[in-house]
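Summary of structural features
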Protein chains: 2
Amino acid sequence: MKLIATILCGGVGSRLWPISRALHPKPFIRLKDGQSLLQKAFLRAAQLSGLTEILTVTNRDLFFKTEDEFREVNLSKIPTSFILEPFGRNTAAAIATASHYVTTKHGHDAIMLVLTADHLIDDQGAFQDAISKAIELATAGKLVTLGIKPKSPETGYGYIEADGNNVLRFVEKPPLKEAQEYFTSDQFLWNSGMFCFMADTMQQQLEQHCPDILAATKNCIEQALTTEGLGITQIILDANEFKNVRDNSIDYAVMEKSNRMAVVPCDIGWSDIGSWSGFGKLSEPDAEGNHVQGDALLHTTRNCTIYSNDGLISTVGVDNLIVIKTPDAVLVVDKSREQDVKHIYAELAARDHTSHKLHCTVHCPWGTYTVLEEGKNFKIKRIEVKPGASLSLQMHHHRSEHWIVVSGTAEVTNGEQVFYVKTNESTYIPAMHKHRLTNPGLIKLVMIEVQSGDYLGEDDIVRFKDNYGRCKQEN
Amino acid sequence: MKLIATILCGGVGSRLWPISRALHPKPFIRLKDGQSLLQKAFLRAAQLSGLTEILTVTNRDLFFKTEDEFREVNLSKIPTSFILEPFGRNTAAAIATASHYVTTKHGHDAIMLVLTADHLIDDQGAFQDAISKAIELATAGKLVTLGIKPKSPETGYGYIEADGNNVLRFVEKPPLKEAQEYFTSDQFLWNSGMFCFMADTMQQQLEQHCPDILAATKNCIEQALTTEGLGITQIILDANEFKNVRDNSIDYAVMEKSNRMAVVPCDIGWSDIGSWSGFGKLSEPDAEGNHVQGDALLHTTRNCTIYSNDGLISTVGVDNLIVIKTPDAVLVVDKSREQDVKHIYAELAARDHTSHKLHCTVHCPWGTYTVLEEGKNFKIKRIEVKPGASLSLQMHHHRSEHWIVVSGTAEVTNGEQVFYVKTNESTYIPAMHKHRLTNPGLIKLVMIEVQSGDYLGEDDIVRFKDNYGRCKQEN
């Protein structure tokens with residue numbers, strides 16, 4: 001049997017702004033143990049016996065970042081592949097596209113296990129038991145969904161009414177009264193968004209219930225640009241093809257209509273960390289019921305969730321608040337209104353406010369850069385380059401750059417010259433000079449770049465060569 | 001007649017943390033019009049007819065910063081002098097010391113007008129009328145206090161019961177019930193902390209009611225180091241002498257005991273901006289009653305005071321909160337508890353947390369530096385040097401420095417060499433090299449400094465020459 005874990009990594013998690021952002025969405029949030037939710041999802045899959053490959057469906061702008069996350073934890077070198085979407089088209093498109101890839105590469109009877117990228121599962125043993133049962137049902141031709149035994153009368157989740165492994169019906173997010181009834185009943189489970197099926201079963205069901213999505217995604221996979229190397233496969237979907245795929249969830253498109261459904265009820269310590277108080281509860285409260293991470297000084301403060309990854313948060317005389325601080329934004333929200341943080345995110349996106357999209361630190365294929373300050377005619381960045389990585393061979397029309405190496409060694413191409421710049425040495429790149437920065441060493445290169453010029457936009461870049469295929473792209 | 005305005009610039013204003021800090025106290029807070037409270041106090045004095053000199057009593061660590069503030073607004077080149085205390089010793093010590101200086105320099109019959117450095121007075125015309133009346137009474141040998149007609153039943157101020165210009169009694173901060181009675185009565189005034197008297201009258205009254213303070217401060221003035229130049233006099237008090245002066249307020253030490261008291265009732269648009277909601281009220285509220293300064297996005301938010309000087313503040317579903325953001329600290333406080341912000345300040349001071357003392361930008365006699373980032377073995381600063389100013393000739397044992405000029409021109413001494421570094425040029429100062437940075441130009445010099453080394457503390461500095469007498473000091 002071939003088992004393909006399929007991680008769906010889409011969606012921003014806007015209720016977790018200002019940590020979640022368009023280009024740093026919820027799966028990339030790191031927890032106290034240093035692992036991101038995405039890494040936890042990867043490891044959850046990696047530990048399953050008989051796993052053949054981990055396939056991830058995500059936005060193409062998140063590829064290098066996702067790959068970085070995986071490389072950190074993929075110690076047993078499990079083959080990974082990526083279906084890279086130009087934009088989000090909901091779960092039916094993602095799963096249909098994945099089913100074409102899996103069918104082609106691994107055959108019709110390969111088992112696909114669809115996992116979410118941004119949830120927590122505490123009990124790996126129970127999870128593995130549930131997956132074994134799901135695989136058994138999938139092998140028998142079922143579309144299996146994992147149903148979570150409710151821990152509270154949640155009104156924010158969809159429910160599945162079940163009788164053993166039989167699905168009686170799907171229920172939309174219920175009002176509180178119904179949710180309370182479901183909670184006390186034994187027959188209702190939360191719809192977790194995790195599925196297991198044979199690739200062929202999914203293709204048959206798509207054919208039956210939404211043949212347009214099946215056909216359009218088949219076309220996408222056939223037209224996709226595929227690259228392979230170092231155990232990594234990239235399938236880059238074309239935007240012109242992908243825009244023809246109808247936007248629908250797999251629940252609406254297939255699951256709620258199919259007569260092949262089965263459910264595996266499970267109690268696996270699942271949580272979706274859907275909001276800041278959910279995030280807060282991952283750490284122990286203090287004596288006043290406050291969940292605190294980062295530098296904080298609280299005075300007569302109760303039942304608050306406090307998180308800072310940069311600088312001090314002080315509170316006086318407040319109850320039931322969420323206070324989140326990043327280098328460039330602060331969020332203060334009453335706990336009863338935490339669902340509304342998504343409105344803040346939406347409004348910032350509408351205004352194209354930087355803080356909806358990027359953090360001060362931006363991840364690139366070769367490493368990261370952090371804007372430390374922008375002033376009139378100058379900009380200062382800390383640049384970190386991974387061992388062996390290179391920025392593109394590039395040129396700027398309007399800015400010159402001073403580079404000072406503060407850790408590691410840089411190999412610098414400046415015009416016709418190639419030379420090394422060691423820790424505590426510097427060099428200067430005039431405007432209009434072709435240049436390239438490489439880390440030839442075995443440890444991280446950390447460099448301070450001081451840009452000078454009349455125009456310092458990121459778009460003043462001409463790329464001549466790039467290891468990451470970005471010569472024609474914007475970034 | 002000689003009229004000496006005497007500005008008392010002491011006290012932190014800890015209820016306005018995180019903007020107010022030990023080395024950036026309340027008088028230095030800038031309002032929306034770009035002027036600091038201290039500059040407003042200076043201009044208030046400067047506009048009085050017949051003014052001879054403006055004398056400021058402040059902490060010696062605030063001298064250069066205070067002088068910078070004054071230079072910006074002292075367009076008519078009024079002579080200024082500074083009594084520089086090594087530490088605070090309350091108002092009796094400050095006024096007694098000032099009276100010795102004034103008596104010696106301007107004679108026994110010089111009139112002293114004592115003003116606060118951190119209050120607002122909206123009605124300059126009414127203020128000048130009140131001062132004219134006060135001078136008249138002072139000339140007749142009275143100790144005159146300015147009494148503010150109450151605008152509300154304040155429990156946080158002391159009161160004066162008056163009959164015309166006659167003081168009947170001083171009243172300590174009253175309970176609400178009494179405050180309400182005082183408010184409806186015509187006889188009660190707020191004690192403003194502004195006074196007017198002949199230097200000789202004050203000396204006689206000090207001799208009568210607290211001769212020890214008079215004698216100890218006389219000794220301080222006699223032992224002080226005095227320097228003069230460019231119309232500026234500095235009287236630097238010796239710490240060993242000054243510590244012998246008893247700590248007492250002028251109200252307790254003299255005013256409440258003297259039979260020479262008079263009061264000038266006035267209605268001058270006075271406010272003390274004693275807290276964040278007071279500060280907020282200086283700007284117009286939005287339709288929901290929020291006072292907002294800086295980048296903010298409010299959602300279902302009412303009656304809040306929001307202030308950011310760096311980055312975005314977002315709020316959802318909150319009422320009656322104060323949210324203040326600086327580059328390194330956030331304060332969130334319920335308005336009903338805003339007096340307790342002083343506890344946060346006290347706790348931060350007890351922990352020696354940087355944010356109680358300094359902002360990221362630190363003012364020096366030659367300009368400012370701003371710490372942009374500190375990492376392992378490196379620190380990055382933006383350094384701004386005023387035209388004509390020089391840092392000390394100095395050396396570091398443990399760090400080397402890269403300097404990149406991003407605006408203006410630097411004159412650099414590096415070992416035996418002296419040379420110029422222009423905009424977009426750089427230079428390198430190795431550890432153990434004597435060096436000096438000067439701005440020889442007419443515009444501000446802005447430079448990025450990247451320090452490298454195993455130890456990067458500000459105390460790794462050996463000063464050989466300094467224009468500001470800091471060769472033996474710590475800073």
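As a convention, each chain's residues are numbered from 1 in the sequence order in which they are written. Chain labels run from A onward and ligand labels from 1 onward, assigned in the order the entries are written. A pLDDT threshold of at least 70 governs which residues receive local features in this predicted model, and a stricter bar of 80 or more applies before side-chain atom pairs are shown or counted, although totals over entire chains, interfaces and linings include all residues. The side-chain values count all of the structure's non-hydrogen atoms but skip hydrogen atoms and water molecules.

In the annotation of an unreviewed UniProt entry, chain A is listed under the name mannose-1-phosphate guanylyltransferase and assigned to Candidatus Regiella insecticola LSR1. UniProt positions are given in the numbering used here, feature names are shortened, and annotations may be inferred rather than shown by experiment. Looking at chain A in UniProt, the text filed under Sequence similarities (unreviewed entry) is "Belongs to the mannose-6-phosphate isomerase type 2 family."

Further remarks concern the overall build of chain A. Summing up its helical and strand segments, chain A has 11 helices and 30 strands in all. Only C-alpha atoms enter the radius of gyration; for comparison, a globular chain is expected to reach 2.2 Å times N to the power 0.38, where N is the number of residues. Whereas a compact globule of 475 residues would reach a radius of gyration of roughly 23 Å, chain A reaches 24 Å, a difference of no more than 12%. In terms of its C-alpha atoms, chain A occupies a principal-axis envelope of roughly 70 × 60 × 40 Å. Burial status follows relative accessibility: with a 1.4 Å probe on protein chains alone, a residue under 20% of its type maximum counts as buried, one over 50% as exposed, and anything between as partly exposed. Buried residues in chain A amount to 57% of all 475 residues. We call two residues in contact when some of their heavy atoms are within 4.5 Å. Contacts in chain A between residues far apart in sequence, at least 24 positions, make up 69% of those at least 6 positions apart. Accessible surface is estimated by sampling points in the Shrake-Rupley manner with a 1.4 Å probe; for residues, cover comes only from the protein chains shown. By element, 49% of the accessible surface of chain A is carried by carbon and sulfur atoms, the whole surface being about 19,500 Å². Of the side chains in chain A, 48 bear a positive and 59 a negative charge, and the two mean positions are spaced by 2 Å. Secondary structure elements are defined from DSSP: runs of H or I of at least 4 residues count as helices, runs of E of at least 2 residues count as strands, and each element is numbered from the N terminus. Under this rule, positive means Lys or Arg and negative means Asp or Glu; His and the chain ends count for nothing. To locate a charge, take NZ of a lysine, CZ of an arginine, CG of an aspartate or CD of a glutamate.

Residue and element names in this part refer to chain A. All domain edges in this entry derive from an automatic or database-based domain assignment. Domain boundaries in chain A define domain 1 (3-271), domain 2 (276-349) and domain 3 (361-465). Each of domain 1 and domain 2 has a C-alpha centre, and the two are 30 Å apart. Facing the 13 residues of domain 1 at the interface are 21 residues of domain 2. In short, buried area is how much 1.4 Å probe accessible area vanishes from two parts on joining, totalled over both. Across the domain 1 to domain 2 interface the summed buried area is about 1,500 Å²; carbon plus sulfur atoms make up 71%. Three residues stand out in domain 1 for area buried against domain 2, namely R15, W17 and I19, and they jointly supply 43% of the buried area on that side. Salt bridge, as used here, is a side-chain nitrogen of Lys or Arg placed within 4 Å of a carboxyl oxygen of Asp or Glu. Counting across the interface, domain 1 meets domain 2 through one salt bridge. Close ionic contact of R21 with D328 constitutes a salt bridge, the shortest N to O distance being 2.9 Å. Each polar contact in these results corresponds to two N or O atoms within 3.5 Å; when the atoms are within protein, one needs to be able to donate a hydrogen and the other to accept it, and residues that are neighboring in sequence are counted only if both atoms are side-chain atoms. One can count four residue pairs in polar contact (both at pLDDT 80 or more) joining domain 1 with domain 2.

Turning our attention to the relation of the copies chain A and chain B. Superposing chain A onto chain B takes a rotation of 180 degrees plus a shift of 0.0 Å along the axis, which leaves an RMSD of 0.1 Å. Such values leave the two copies arranged in the relation of a two-fold axis. Using C-alpha coordinates, one finds that chain A approaches the rotation axis most closely at L372 of chain A, a distance of 3.1 Å. Of all interface residues in chain A, 100% are interface residues in chain B too; the two copies therefore contact each other through one and the same surface. We superpose the copies by least squares over the C-alpha atoms of residues that have a pLDDT of at least 70 in both of them.

Turning to the interface of chain A and chain B, a few remarks are in order. Taken together, the contacts link 52 residues of chain A with 52 residues of chain B. Considering only the surface of chain A that becomes buried against chain B, L297, V316 and N424 of chain A emerge as the three largest contributors, covering 14% of it. Taken together, chain A and chain B are joined by two salt bridges. When the shortest N-O distance is used, the salt bridge between R382 of chain A and E373 of chain B registers 2.4 Å. Between the two partners, chain A and chain B, sit 28 residue pairs in polar contact (both at pLDDT 80 or more). With six residues, the top contributor of residues to the side of chain A that touches chain B is strand β19 (residues 329-334) of chain A. Along the lines of polarity and charge, the residues of the side of chain A that touches chain B split into 26 nonpolar, 14 polar and 12 charged. For this scheme, ten residues count as nonpolar: Ala, Val, Leu, Ile, Met, Phe, Trp, Tyr, Cys and Pro. Four count as charged, namely Asp, Glu, Lys and Arg, and the remainder, Gly too, count as polar.

Here we come to the environment of A98 of chain B. Residue and element names in this part refer to chain B. Mapped onto the elements of the fold, A98 is located in helix α3 (residues 90-106). Each C-alpha atom of the pair A98 and N248 lies 15 Å from the other, and the pair is 150 residues apart in sequence. Apart from residues no more than four positions distant in its own chain, A98 is found in contact with T6, L55, V57, I83 and M112.

Residues and elements named next belong to chain A. Within the secondary structure layout, E161 lies in strand β7 (residues 159-163). Of note is the side chain of E161, whose polar atom sits 2.7 Å from the side chain of R169. Here E161 is in contact with N166, V167, L168, R169, Q187 and F188, once residues within four sequence places are set aside.

Moving on, we come to the pattern of salt bridges. Residue and element names in this part refer to chain A. Taken as a whole, this structure holds 52 salt bridges over all chains when the rule is applied. Taking the shortest distance from any N to any O, the salt bridge between D319 and R302 comes out at 3.5 Å. Residue D319 is located in the loop between β17 (312-316) and β18 (321-325), and its partner R302 is located in the loop between β15 (296-299) and β16 (305-308); the two are separated by 17 residues in the primary sequence. What makes D319 partly exposed here is its relative accessible area of 41%. Several salt bridges converge on common partners, so that one network encompasses E67, D68, R71 and K386.

Residues and elements named next belong to chain B. At a minimum axis distance of 9 Å, the contact between α3 and helix α6 (residues 199-209) shows a crossing angle of 130 degrees. Classified by the angle between their axes, α3 and α6 sit oblique to one another. Two packed elements cross with a definite hand, and for α3 against α6 that hand is left-handed. Here I95, A96, S99, H100, V102 and T103 of α3 lie close against α6, whose contacting residues are A199, M202, Q203 and L206. Along the lines of polarity and charge, the residues of the contact of α3 with α6 split into six nonpolar, four polar and no charged. In this analysis an axis means a line fitted to C-alpha atoms, helices contributing only their contacting stretch, and an angle means the value between N-to-C directions, from 0 to 180 degrees. Any angle between 65 and 115 degrees counts as roughly perpendicular, while under 35 counts as roughly parallel, over 145 as roughly antiparallel, and the rest as oblique. Throughout, a crossing is termed right-handed when the near helix is turned clockwise from the far one, and left-handed when it is turned anticlockwise from it by less than a right angle.

Residue and element names in this part refer to chain A. Looking at the element boundaries, D186 is found in the loop between α5 (176-184) and β9 (188-198). For D186, a relative accessible area of 77% puts it in the exposed group. Along the primary structure D186 and D163 are separated by 23 residues, whereas in three dimensions their C-alpha atoms are 9.0 Å apart.

Turning to the sheet that holds strand β19 (residues 329-334) of chain B, a few remarks are in order. When DSSP finds at least two bridges between two strands, those strands are taken to pair. With mixed pairing, six strands are arranged side by side in an open sheet as β15(A)-β17(A)-β19(B)-β18(B)-β16(B)-β14(B). Here the strands that pair on one side only, and so sit at the sheet edges, are β15 of chain A together with β14 (291-293) of chain B. When the angles between neighbouring strand axes are averaged without regard to direction, this sheet yields 5 degrees. With five bridges connecting them, β17 of chain A and β19 of chain B associate as parallel partners. Bridge pairing links I313 of chain A to V330 of chain B in β19 of chain B. Packed onto the sheet, helix α11 (residues 341-350) of chain B meets β15 and β17 of chain A together with β19 of chain B and runs at close to 140 degrees relative to β15 of chain A.

Turning next to the sheet that holds strand β22 (residues 378-385) of chain B. Residue and element names in this part refer to chain B. Judged by pairing direction, the sheet is antiparallel, and its six strands sit side by side in the order β20-β21-β22-β29-β24-β27 without closing on themselves. Two strands close off the open sheet at either side, each with one partner strand: β20 (361-364) and β27 (426-429). Averaged over all pairs of adjacent strands, the angle between their axes in this sheet comes to 20 degrees, without regard to strand direction. Examined bridge by bridge, strand β24 (residues 399-407) and strand β29 (residues 445-453) share eight bridges and lie antiparallel to one another. Paired with V405 across the bridge in β29 is M447.

Within the UniProt annotation, "domain: Mannose-6-phosphate isomerase type II C-terminal" (unreviewed entry) is assigned to residues 353-466 of chain A. Secondary structure content for residues 353-466 of chain A is 0% helix and 56% strand, while the C-alpha to C-alpha distance between its ends is 29 Å.

A separate point is the packing of aromatic side chains. All names here are of chain B. Stacked, tilted and edge-to-face are the three classes assigned to paired rings of Phe, Tyr and Trp, where Trp is represented by its six-membered ring and a pair needs centres within 6.5 Å; plane angles under 30 degrees give stacked, over 60 edge-to-face, the rest tilted. Taken as a whole and assessed by the stated rule, the structure comprises 28 aromatic pairs over all chains. Taking the centre distance of 5.6 Å and the plane angle of 45 degrees together, the rings of F87 and F242 count as tilted. Linking F87 in the loop between β3 (80-85) and α3 with F242 in helix α8 (residues 239-242), this pair joins segments that are 155 residues apart in sequence. Accessibility expressed as a relative area gives 26% for F87, which makes it partly exposed. Aromatic side chains Y157 and W270 sit 5.4 Å apart centroid to centroid with 75 degrees between the ring planes, which places their arrangement in the edge-to-face category. Here Y157, found in the loop between β6 (143-148) and β7 (159-163), pairs with W270, found in strand β13 (residues 270-271); they are 113 residues apart in sequence, far enough to count as distant. Each of the two residues, Y157 as well as W270, counts as buried. Here the guanidinium or amino end of K65 rests over the ring plane of F28, the centre of that ring lying 5.0 Å away. Only Lys NZ and Arg CZ are tested; either one counts as a charge over a ring when it is within 6 Å of the ring centre and within 35 degrees of the ring normal. The aromatic ring of F464 is capped on one face by K434, whose charged end is 4.3 Å from the ring centroid.

All names here are of chain A. The residue H119 is located in the loop between β4 (111-116) and β5 (120-121) in this model. Polar contacts involving the side chain of H119 include one to the side chain of W270, which spans 3.3 Å. In contact with H119, other than residues within four places in its own chain, are K26, L37, R44, S192, W270, S271 and D272.

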